[in-house]
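What the coordinates show
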Amino acid sequence: MATFRLQGSRVLAVDMSGDAVKAKNGSMVAYDGQMAFKKMTGGGEGIRGMVTRRVTGEQMTVMEVKGHGTCWFADRATEINLVQLRGEKLFVESDNLLCTDGGLRTGTHFTGVRGASQGNGLFTTTVEGSGQAAIMSQGPAVVLRVSRQYPLTVDPGAYVAHQGDLHQHLQSGVTFRTLLGEGGGEAFQIRFEGEGLVYVQPSERTTIAGDV
């Protein structure tokens, strides 16, 4: 299996000895040894994943990298975070997914109104299996634990990914900025309940939920 490691916080190094990884198209910045690159159509597995992404606008162009040596990946100087999966599923926005082990399965998951509120469409990307994935964030990501005693509410613009046995739903009402006495903020927040981890970034993306 390929070995993922960070060089600094914005460059991913992947050591391969005949292994393969899937990475965001165009994210390779350097490599040594012998590497082969192959563009893959669609981010999901098979025809169903490809069609789903094209219909919903969740199109993600990835490439397969296979060989012997080390390959370095980066994208727009964003911060990179490593996620270890042990037979579980990671939910991540397609723009935030940089690289996965070749053996991990990728697909799509219906998010409904939650996804639309973030401006990311009705589907999000899933990564499932055992291995590592590298996700990106605008600024260093914070990993927050959710328990049944302590649910978590997240600003949609700060959400990056989540994993574990979590249920999510939109809630409206008082916003973070309202509590701070500033007069605007996101009209919706995402509430997570259950057991798992949520990744958030310190810089908010623009969403279509609007301000209140």
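Our structure is the block above this text.
Here the structure is a predicted model, which means the values were calculated and not measured. (Residues numbered from 1 in each chain as written. Predicted model: local features only at pLDDT ≥ 70, side-chain atom pairs only at ≥ 80, totals over all residues. Heavy atoms only, no water.)

**Brief notes about the overall build of the protein chain**
Quick reminder of the rule: Strands are runs of DSSP state E lasting at least 2 residues, helices are runs of H or I lasting at least 4, and numbering of each runs from the N terminus. For the exposure calls, accessible area comes from a 1.4 Å probe over protein chains only, and a residue counts as buried if that area is under 20% of its type's maximum, exposed if over 50%, partly exposed in between. Note on definitions: a residue-residue contact is assigned when non-hydrogen atoms from the two residues lie within 4.5 Å. Residue exposure ignores everything except the shown protein chains as possible cover, and the areas themselves are Shrake-Rupley values with a 1.4 Å probe.
Each helix and strand in the protein chain was counted, giving three helices and 12 strands. Buried residues in the protein chain amount to 49% of all 212 residues. A separation of at least 24 residues holds for 77% of the contacts in the protein chain among residues at least 6 apart in sequence. Carbon and sulfur atoms make up 52% of the accessible area of the protein chain, which totals about 10,000 Å².

**A few points about the pattern of salt bridges**
The test is simple: Just to be clear on terms, a salt bridge is a Lys or Arg side-chain nitrogen sitting within 4 Å of an Asp or Glu carboxyl oxygen.
In this structure the tally under the stated criterion is nine salt bridges. Linking Arg148 and Asp165 is a salt bridge whose minimum nitrogen-to-oxygen distance equals 3.3 Å. With Arg148 in the loop between strand 9 (142–146) and strand 10 (152–154) and Asp165 in strand 11 (residues 159–172), the pair connects residues that are 17 residues apart, well separated along the chain. Among the residues examined, Arg148 registers a relative accessible area of 54% and is labelled exposed. Here Glu193 and Arg191 are joined by a salt bridge, their closest N and O atoms 2.8 Å apart. The class of Arg191 is partly exposed, set by a relative accessible area of 24%. Ionic contacts of the salt-bridge type, sharing partners, join the residues Lys24, Asp75 and Arg76 into one network.

**What to know about the pairing of strand 4 (residues 62–73)**
Our working rule: When DSSP locates at least two bridges between a pair of strands, those strands are taken to pair.
Inspection of the sheet shows strand 2 (residues 12–24) paired to strand 4 by 12 bridges, in the antiparallel sense. Pairing of Val14 across the sheet is with Cys71, part of strand 4. Where strand 3 (residues 28–40) meets strand 4, 12 bridges bridge the pair, whose relative direction is antiparallel. Paired with Gly33 across the strands is Gly69, a residue of strand 4.

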